[in-house]
Amino acid sequence: MIDQKFLFPRVPVAVVDIGDTLEALLIRATLESMGAVVTLHLPGTPGDFLTLLAGGELVHQHLIISGHGDENGFFFGEYIEEIDTSMLIEGSLPPAVIAEHARLDGKIVLSTCCETGGKRYGDAFVKKGGAALYVAPDGSPEGADAPLFVHCFFHALLARKQEARAALEKARSYDEAAAMFVGHWGRR
């Protein structure tokens, strides 16, 4: 990306909005205020989302998934008959499907979606999908807590130039809600 060649390089970050939540726009503005160049993706279907996760080198080094989650996975809801939703369980995309499609070699992935931080998700993104780090809440943070966590994490990572492990610990230490976000580590 050309922005990485500037005198003051900009770090590319992809934000994926799977819930039309407006949270993604707040996250985008926050990241841009810290000097990142942000690509906002608006997948219309679960298949579009899986195409993005399978993007490999076409996906930025940092990927944020913004939306909702539940006990079944990333929440997509209902679609018209013509849209393939066979991979969804009660409107949600489970980690097993992500494990089949994700190709995120060495990337840092952060999800703001509730209930997507457990071991099954970590395994899907890291062990099967190849991400270097997957961060998500292992619970249900309040709506404003997720973008605040993203801000704390990326402020440490981009503005303070901390390593990902230190940035995660810094962001998790903010308060109880932030501590709900857990990290799953891949290769180093």
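First things first, this report covers the structure right here in the doc. Keep in mind that this is a model prediction, so the values were computed, not measured. (Residues numbered from 1 in each chain as written. Predicted model: local features only at pLDDT ≥ 70, side-chain atom pairs only at ≥ 80, totals over all residues. Heavy atoms only, no water.)

What follows concerns the pairing of strand β2 (residues 37-41). As defined by bridge partners, strand β1 (residues 12-17) adjoins β2 across five bridges and the pair is classed as parallel. Among the inter-strand pairings, Ala 14 is bridged to a residue of β2, identified as Thr 39. Where the polypeptide runs from β1 across helix α1 (residues 23-33) and back to β2, its parallel neighbour, the crossover connection is right-handed. (Pairing = 2+ DSSP bridges. Helix = DSSP H or I, 4+ residues; strand = E, 2+ residues; numbered from the N terminus. Right-handed = clockwise from strand over helix to strand, strands pointing away.)

Moving on: the sheet that holds strand β7 (residues 108-111). Taken in spatial order, the six strands line up as β2-β1-β3-β7-β8-β9 in an open sheet, and their pairing is mixed. Of all strands in the sheet, those with a lone pairing partner are β2 and β9 (181-185), marking the two edges. Neighbour-to-neighbour, the strand axes of the sheet open up by a mean angle of 15 degrees, direction not taken into account. Taken strand by strand, helix α5 (residues 145-159) contacts β1, β3 (62-66), β7, β8 (133-137) and β9, and its axis lies near 160 degrees from that of β7. (Axes fitted to C-alpha atoms, helices over the stretch in contact; angles between N-to-C directions. Contact = heavy atoms within 4.5 Å.)

Right, let's get into the environment of Met 34. Within the secondary structure, Met 34 sits in the loop between α1 and β2. Sequence spacing of Met 34 and His 151 is 117 residues, and the spatial spacing of their C-alpha atoms is 9.2 Å. In this structure, Met 34 is in contact with His 151, Phe 154 and His 155, ignoring residues within four places of it in sequence.

A separate point is the sheet that holds strand β5 (residues 73-75). Either a parallel or an antiparallel arrangement is found when strands of a sheet pair, and the pairing is made through backbone hydrogen bonds. Read across the open sheet, the three strands follow the order β4-β5-β6; overall the sheet is antiparallel. A single partner strand is all that each edge strand has here, and the edge strands are β4 (69-70) and β6 (92-93). Direction of pairing for β4 relative to β5: antiparallel, over a ladder of two bridges. By the bridge assignment, Gly 69 is partnered in β5 with Phe 74.

All right, on to empty space enclosed by the protein then. Applying the stated criterion across every chain, the model contains one cavity of 30 Å³ or more. Taken as a whole, the largest cavity holds about 40 Å³ of empty space. Of all the secondary-structure elements, those providing two or more residues to the lining of the largest cavity are α5 and α7 (176-179). In the lining of the largest cavity, the residues fall into seven nonpolar, no polar and two charged. (1 Å grid on protein atoms, 1.4 Å probe; cavity = no way out; pocket = protein on both sides within 12 Å on 5 of 7 lines; lining within 4 Å. Points joined across faces, edges and corners; volume = space filled by probe spheres on them. Nonpolar A, V, L, I, M, F, W, Y, C, P; charged D, E, K, R; others polar.)

This structure, assessed with the given rule, holds three salt bridges. Note that Arg 28 is salt-bridged to Glu 32, the shortest N-O span being 3.3 Å. Separated by four residues within a single helix, Arg 28 and Glu 32 lie in helix α1, roughly one turn from each other. The class for Glu 32 is partly exposed, based on a relative accessible area of 36%. We note a salt bridge from Lys 127 to Asp 123, for which the minimum N-O separation is 3.7 Å. On the criterion of helical spacing, the pair formed by Lys 127 and Asp 123 is a turn pair, its members being four residues apart in helix α4 (residues 119-128). When its relative accessible area of 23% is taken as the criterion, Asp 123 is described as partly exposed. The network of salt bridges with common partners includes Lys 119, Asp 123 and Lys 127. (Salt bridge = Lys/Arg side-chain N within 4 Å of Asp/Glu carboxyl O. Buried < 20%, exposed > 50% of the residue type's maximum accessible area, 1.4 Å probe, protein only.)

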